[in-house]
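# Inside the fold
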Amino acid sequence: MEPAAATGWVTKEMESARAAADFDAVVREYWPRVFRFILVSLRDRNDAESLTQDCFLKAFRAWRNFRGDSSINTWLMRIAVNQLRDHSRNRRLQFWKRTRTAGSTAEWPVADLRSSPEDDAVTKQQVEAVWRAATNLPQQQRTVFLLRFVEDMDLLEIAAATGLKEGTVKTHLFRALQAVREQTGGVR
Amino acid sequence: MTRHLSDEEISAWVLGERTPMQEAHLAGCRECGIRTGRLQAALSGFRESAIAWAAREQHAVPVPTAPRWWQPRSQWLLAAAALVLMTAVPAYRSYSAHLSAARERTVLDAAEDTALLNQVDTQISRAVPGPMEPLVPLVAWNTDANDTHKGNNETNR
Ligand SMILES: [Zn+2]
């Protein structure tokens, strides 16, 4: 083997190793967030698991070309949003549709709320109302709503993650909130 | 601004679109405070429940660690195997040469020790020294064993 070729090979391997090590840290830090966003979007743990894996596999393949134009979080969320879009396009029997037809029989994950005992019932009812409202939102509105109110992302980040214009994101959020307010407004 | 906030204004408020007039009204209006507070509480409760639920589900499926499934495995295996070969073969050769030299040294040392002890035994086991026998040194260095040893060493060098 030529010395120059050997050096090139070693450098390439070292770069791969460094990229893998960096990506290792990315996985550790962002896996829970991506998993959460997908889980809350789909409300199906198995699907959320495999979609999160797919998402990070895609991310790893693109990792060397990631230039840091957006934050890692936004970049990963964009991949997740695309994965979700493909997933719901491919799968007609998804939870949200089932829930929509099942009506009020769905169970909402509100058991972990740390409310004070006196306002416990009211708060849980209101939180359930938000879950119900989110269930009935059109997919794009729900994605925007979850990125804002679960993932705590701002307008610009959501626009970057969804590929929507900032004004469109704002409109989606406003409509989603109106729907939520209508659902929660009944509880006084 | 004396009128109460409309539903749309409350949604916009929660989204962070606030005018100074609305802020002034909200500071003094209990009813509008309750309405915005209720929506905000419901949203933060929703967030809290989503985070807790995901954490619980996540707990059952921990973040994947080594072996790293996202790494191109074949490339890594090749690299690792090459690295092992590159470092291990010369290291093993040098180690085994070192090992056989050491083993030979140990065998020779043992032979030397045995010869010495035999010599000592012979000297002290002689029951009584003969009269006027000159005191012999217990150990004579120029022995056959030593000669053999040297010879062995030379052949081994
Ligand atoms: Zn008011």
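All of the points below concern the structure found in this document. (Residues numbered from 1 in each chain as written. Chains lettered and ligands numbered in written order. Predicted model: local features only at pLDDT ≥ 70, side-chain atom pairs only at ≥ 80, totals over all residues. Heavy atoms only, no water.)

### Some remarks on the overall build of chain A
- Tallying secondary structure elements over chain A gives eight helices and zero strands in all.
- For chain A, the succession of helices and strands along the chain, N to C, is α-α-α-α-α-α-α-α.
- Counting over 188 residues, chain A shows a buried share of 46%.
- Of all intrachain contacts in chain A linking residues separated by at least 6 positions in sequence, the fraction that spans at least 24 positions is 65%.
- Surface exposure of chain A reaches about 9,800 Å², of which carbon and sulfur atoms provide 48%. (Helix = DSSP H or I, 4+ residues; strand = E, 2+ residues; numbered from the N terminus. Buried < 20%, exposed > 50% of the residue type's maximum accessible area, 1.4 Å probe, protein only. Contact = heavy atoms within 4.5 Å. Areas by Shrake-Rupley, 256 points an atom, 1.4 Å probe, with all protein chains shown as cover.)

### Some thoughts on the coordination of the zinc ion
Residues and elements named next belong to chain B.
- Protein coordination at the zinc ion comes from His-4 (ND1), His-25 (NE2), Cys-29 (SG) and Cys-32 (SG), with a distance range of 2.1 to 2.2 Å.
- Classification of the site at the zinc ion as tetrahedral follows from its four donor atoms and the range of 99 to 119° in their angles at the metal.
- When the donors of the zinc ion are listed by position in the chain, the intervening gaps give H-x20-H-x3-C-x2-C. In this pair, His-4 is assigned in the segment before helix H1 (7-14) and Cys-32 in helix H3 (residues 30-60), connecting sequence segments 28 residues apart.
- Relative accessible area serves as the criterion here: at 37%, His-4 is assigned to the partly exposed category. (Donors = N, O, S within 2.8 Å, 3.2 Å for Na, K, Ca; no water. Tetrahedral: all angles 85-135°; square planar, octahedral: opposite > 155°, others 65-115°.)

### So, unusual backbone geometry
All names here are of chain A.
- With a phi close to 55°, Arg-43 is a non-glycine residue in the positive phi region.
- Note that Arg-43 resides in the loop between helix H1 (3-42) and helix H2 (45-62).
- Taking relative accessible area as the criterion, Arg-43 reaches 11% and is therefore assigned buried.
- The backbone of Asp-152 sits at a positive phi, close to 60°, despite the residue not being glycine.

### Some details on the interface of chain B and chain A
- Each partner contributes to the interface: chain B provides 38 residues, whereas chain A provides 47 residues.
- Overall, the association of chain B and chain A removes approximately 4,100 Å² of surface from exposure, summing both partners, and the carbon and sulfur fraction of that is 69%.
- Taken together, chain B and chain A are joined by three salt bridges.
- In this structure, B:Glu17 and A:Lys170 form a salt bridge, with 3.5 Å as the shortest nitrogen-oxygen distance.
- Summed over the shared surface of chain B and chain A, the number is six residue pairs in polar contact (both at pLDDT 80 or more).
- Breaking the side of chain B that touches chain A down by element, the ones donating at least two residues are H1, H3 and helix H4 (73-125) of chain B.
- The leading source of residues in the side of chain B that touches chain A is H3(B), at 18 residues.
- Considering only residue class, the side of chain B that touches chain A consists of 23 nonpolar, six polar and nine charged. (Buried area = accessible area lost by both parts, 1.4 Å probe. Salt bridge = Lys/Arg side-chain N within 4 Å of Asp/Glu carboxyl O. Polar contact = N/O pair within 3.5 Å; in protein donor to acceptor, adjacent residues only side chain to side chain. Nonpolar A, V, L, I, M, F, W, Y, C, P; charged D, E, K, R; others polar.)

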